[in-house]
Amino acid sequence: MNRLFYLLSALLILISPQLGHAALKVVTTTQDLAAIAQAVGGEQVQVQSLTPGTRDPHYASAKPSMIRKVFRADLLLVIGADMETGWLPPLLQSARNNRVQPGNPGYLDLSAAVPLLGKLNGPMSRAMGDVHASGNPHYWLDPRNGVRIASAIASRLTELDPANTDAYQQRLQTFTRTLNDKLAVWTAALAAMKGKPVIAYHKSFIYLADAFGFTIVDEVEPKPGISPSAASLAALVTRIKDEKIALLIMEPYYERRSAQFLHEKTDIQVAVLPQSVGAQAGIGNYIELFDAIVAELKKAMDT
Ligand SMILES: [Zn+2]
């Protein structure tokens, strides 16, 4: 009986502070934001993500359960930079919750808290593919941005719930310290990747490359969101051979045939990287996400 007993008492201890006062209801568009909000908010918040980490966050369809979450939310955290433009606006409209409408204190767009890479200048057209004009939205894949995201969330929680300022600030400090310590470990583990050319499937790893000093020289997708053709794959084969590119990185949710083809033709190593918290079993928080990414990269380099 003992394990169950301990589990139940641990649960009770976790739950009981919330019986006294209502926790802030935080809803996030992705599991990465949920994990960081949980780390900073602790027992003062109740966090739910609208999408699971196993899915491509560019796409989601508004389900009634998602509308209910947004309806009840005190704070909505979004990736922004056009990541959710395809699905969040109708959800916000259906939920009819004024607290979390853009411009109100219950709406926080985290893309404003980080330096965005990949901003585009000049005219845009559909022919360019599914591009993000305001900058690349995959910024949570730089651990240094994790600190910026956590800090922005802590400020907003403090604003909405000033009584718990100390708790939010303390957890932010702990989170920042842990992340900075780990960053040194990850950087050392990936030292051999510095300056190396890498191919990515989608334009989603430029922040990861920036953090660890490797260079993404090309993508398997000829344009963002557009599948490769036989001709574009053939051009990549030539490029990989000419420039001796040794590594291809991709998210688990893309098709594997193209990467397999490139591997067979050129012997390039393929690393399937979990791109989000929850993408794989065992990735329950933001630190574990990078532990898993770094382990996959190391494995591919050592092969
Ligand atoms: Zn993208």
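Numbering of residues starts from 1 in each chain and follows the order in which that chain's sequence is written. Where local features are concerned, this predicted model is filtered to residues with pLDDT of at least 70; where side-chain atom pairs are given and counted, the filter is 80 or more; whole-chain, interface and lining totals use all residues. Hydrogens and water are ignored here; the side-chain numbers use all heavy atoms of the structure.

A. Local environment of the overall build of the chain. Helix and strand definitions here come from DSSP, where helices need a minimum of 4 consecutive H or I residues and strands a minimum of 2 consecutive E residues; each element is numbered from the N-terminal end. Tallying secondary structure elements over the chain gives 10 helices and 8 strands in all. Long-range contacts, defined here as pairs at least 24 residues apart, represent 64% of the contacts in the chain between residues at least 6 apart. With the model as given, the accessible surface of the chain reaches about 14,700 Å², and the carbon-plus-sulfur share is 55%. In what follows, a contact means two residues having at least one pair of non-hydrogen atoms within 4.5 Å. Under the convention used here, a 1.4 Å probe and the Shrake-Rupley method define accessible areas, while residue burial counts only the protein chains that appear.

B. Main features of unusual backbone geometry. Of note, the phi angle at Ala81 is positive, near 50°, even though the residue is not glycine. Within the fold, Ala81 resides in the loop between strand E3 (75–78) and helix H4 (88–95). Its identity is not glycine, yet Asp82 carries a phi of approximately 70°, on the positive side. Looking at the secondary structure, you find Asp82 in the loop between E3 and H4.

C. Fine view of the sheet that holds strand E5 (residues 197–200). A strand pair is defined by DSSP finding two or more bridges across the two strands. Here we have 4 strands laid out as an open sheet, ordered E6-E5-E7-E8, and parallel in their pairing. One side of each edge strand has no neighbouring strand; the edge strands of this open sheet are strand E6 (215–219) and strand E8 (269–272). Looking at each pair of strands side by side, their axes are set apart by 35° on average, direction ignored. As defined by bridge partners, E5 adjoins strand E7 (residues 247–250) across 3 bridges and the pair is classed as parallel. Note on E7: the bridge partner recorded for Ile199 is Leu248. Here, axes are lines fitted to C-alpha atoms. For helices the fit covers the stretch in contact, and angles between N-to-C directions go from 0 to 180 degrees. Packed on one face of the sheet, helix H8 (residues 230–242) meets E5 and E6 and runs near 150° to E6. Across the sheet, helix H10 (residues 286–302) lies against E7 and E8, angled at about 170° from E8, the strand it touches most.

D. Region of interest: the coordination of the zinc ion. Any nitrogen, oxygen or sulfur atom within 2.8 Å of a metal ion counts as a donor, with the limit raised to 3.2 Å for Na, K and Ca, and since water is left out, coordination shells can look unfinished. Of the protein atoms, only His58 (NE2), His138 (NE2) and His202 (NE2) coordinate the zinc ion, at distances of 2.2 to 2.4 Å. Read in sequence order, the donor residues coordinating the zinc ion give the pattern H-x79-H-x63-H. Residue His58 is found in the loop between strand E2 (45–49) and helix H3 (64–72), and its partner His138 is found in the loop between strand E4 (107–109) and helix H5 (143–160); the two are separated by 80 residues along the sequence.

E. Seen up close, the packing of aromatic side chains. Each aromatic pair joins two rings of Phe, Tyr and Trp (for Trp, the six-membered one) with centres within 6.5 Å, and gets the label stacked for planes under 30 degrees apart, edge-to-face for over 60, and tilted for any other angle. Applying the stated criterion across every chain, the model contains 6 aromatic pairs. Between Tyr139 and Tyr207 the ring centres are 6.4 Å apart and the planes differ by 80°, which places this aromatic pair in the edge-to-face class. Within this pair, whereas Tyr139 is found in the loop between E4 and H5, its partner Tyr207 is found in helix H7 (residues 206–212), the two being separated by 68 residues in sequence. Of the two residues examined, Tyr139 and Tyr207, each falls in the buried class. Each ring, one from Phe175 and one from Tyr286, has its centre 6.2 Å from the other, and the planes form 35°; the classification is tilted. Of this pair, Phe175 sits in helix H6 (residues 165–189) while Tyr286 is found in helix H10, placing the two residues 111 residues apart along the sequence. In this structure, Phe175 and Tyr286 share a single accessibility class: buried. An aromatic cluster of at least three residues, connected via ring pairs, comprises Phe175, Trp186, Tyr286 and Phe290. Only protein chains enter the calculation, and the probe is 1.4 Å; a residue is then buried if its accessible area is under 20% of its type maximum, exposed if over 50%, and partly exposed in between.

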